[in-house]
Amino acid sequence: MSARFDAPTLIGVKRDGGRLPDEAIDWLIAAYTDGRIADAQMAALLMAIYLRGMDAAETARWTAAMTDSGRRLDFRDLRRGGAPLPTVDKHSTGGVGDKITLPLVAVIAACGAAVPQASGRGLGHTGGTLDKLESIAGFDPRLSPARIAAQLRDVGAAIFAAGDLAPADAKLYALRDITGTVASLPLIASSVMSKKLAEGAGALVLDVKVGTGAFMTDPGRAAQLARTMVGLGRAHDVPVTALLTDMNTPLGRTAGNALEVAEVLEVLAGGGPPDVVELTVRLAAEMLALAGIDGRDPAQTLADGTAMDRFRAMIAAQGGDPEAPLPVAAHRETVTATRDGVMGPIDAMAVGLAVWRLGAGRSGPGQPVQHGAGIVIHRRPGEPVAAGEPVFSLYTDTPDRYPAAMAELDGGWSVGDTAPELRPLIIDRIVEP
């Protein structure tokens, strides 16, 4: 195949607005993954795609080639008690305080489906699911395919490192990150869907975040991305539903790894912030519908403790200690209100960047994080507040980080005389036409 294609010619095709043939896409992804195409050449092609785009068929083939670049998991023959066990997953495009995966997989497991969730670590202002779970003593995300299948049968949920799933995506994402090509819709959609298709779930629900704390700030572009990913699912025979959800305000009252796990435990105990509960239950309903499970109430699993049981079982199955205390940062600073009034809007990006500055996130792959670092939000938008009352608590192990974190937070919140207009959490729902 390599004799038929070369990188400079294909770069020129896309630069001039042409369409890449299917076989050329297969060659490009395989050759780049194997190191036969230089970073400089692939960077030029990515920029050409960023400027010229790809049509639906090109994007579907690009996605398939990335999916086929590594191992593919297959759970179609998974059974429990002799009956087929449906698998379904959820993917979020990332936000601040977005801990929804943790209660959600437990709810779905409690309702009788199974969730194979390949997850990653955070980078920048958005937290990573594995970082949150690794704040639990002993938790190990490194699972073999055999262990994943066994855990899905026994527990109903497994959250694991992507490992060698879609290795082309990991390599391409790193290059996109340093070449100004991250924001290409076809490249975003294929990046998300290649990993999810390789993961082997029978259906997928997408949580596409929109707002200041999200990757997509424009609702129109977010909807276009969601439609593209739903279409990619259809092209690869995987049912996909997408919800557009608000990310102008952080989800819940915490942002930061161990702090978010503690909030998840509140949700699983039947409490927790209303927005976290609402989104968990809504996404669960979408997932159960795609999995073909009727007559189960996701909210009931939070009220009766069955979701908590599934969560604890998953943690224990992956070496974690559900009874171990969560990490607590060594230092705390409190931001207080300077006047009486009502809490105004809280900018999700300001909070996310402050949490990153405190040490809960990383600025490059492989860097360690502080599991106890983060922010607790004491007053949500619209809630009354008195002068001198705490508004935020900032946690870190390294107090010299406070000035930078405070600077990020400054201007991202206010106290006013009237309550702000609250946005709906669920903005839109996108399904196959």
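The rules behind each value
- Residues numbered from 1 in each chain as written.
- Predicted model: local features only at pLDDT ≥ 70, side-chain atom pairs only at ≥ 80, totals over all residues.
- Heavy atoms only, no water.
- UniProt positions renumbered as here; feature names shortened; annotations may be inferred.
- Pairing = 2+ DSSP bridges.
- Helix = DSSP H or I, 4+ residues; strand = E, 2+ residues; numbered from the N terminus.
- Axes fitted to C-alpha atoms, helices over the stretch in contact; angles between N-to-C directions.
- Phe/Tyr/Trp six-rings, centres within 6.5 Å; stacked < 30°, edge-to-face > 60°.
- Buried < 20%, exposed > 50% of the residue type's maximum accessible area, 1.4 Å probe, protein only.
- Lys NZ or Arg CZ within 6 Å of the ring centre and 35° of its normal.

- As annotated in an unreviewed UniProt entry, the protein carries the name Pyrimidine-nucleoside phosphorylase and is attributed to Mycolicibacillus trivialis.
- What UniProt records for the protein under Sequence similarities (unreviewed entry) is the sentence "Belongs to the thymidine/pyrimidine-nucleoside phosphorylase family."
- The record held by UniProt for the protein lists under Subunit (unreviewed entry) the comment "Homodimer."

Describing the sheet that holds strand 15 (residues 426-430)
Now for step 1: The strand order across the open sheet built from four strands is 3-6-7-15, with neighbouring strands paired in mixed fashion. The open sheet has two free edges, formed respectively by strand 3 (89-92) and strand 15, since each of these has just one partner strand. Along the sheet, successive strands turn relative to each other by an average axial angle of 20 degrees, direction set aside.
Now for step 2: Here seven bridges tie strand 6 (residues 204-210) to strand 7 (residues 240-246), and the two strands are oriented parallel to one another. Each residue of the ladder has a partner; that of valine 210, found in strand 7, is aspartate 246.

Observations regarding the packing of aromatic side chains
Now for step 1: For the coordinates displayed, the defined rule picks out two aromatic pairs.
Now for step 2: Taking 6.3 Å as the distance between ring centres and 35 degrees as the angle between the ring planes, the aromatic pair formed by phenylalanine 5 and tryptophan 27 counts as tilted. Taken together, the positions of phenylalanine 5 in the segment before helix 1 (7-15) and tryptophan 27 in helix 2 (residues 22-33) put the pair 22 residues apart, joining distant regions of the chain. We note that phenylalanine 5, like tryptophan 27, is buried.
Now for step 3: With 5.5 Å between their ring centres and 75 degrees between their planes, phenylalanine 392 and tryptophan 413 make a pair best called edge-to-face. Highlighted residues: phenylalanine 392 in strand 13 (residues 390-396) and tryptophan 413 in the loop between helix 16 (402-409) and strand 14 (415-416), separated in sequence by 21 residues.
Now for step 4: Positioned above the aromatic ring of tyrosine 32 is the side chain of lysine 171, whose terminal nitrogen or guanidinium carbon lies 4.5 Å from the ring centre.

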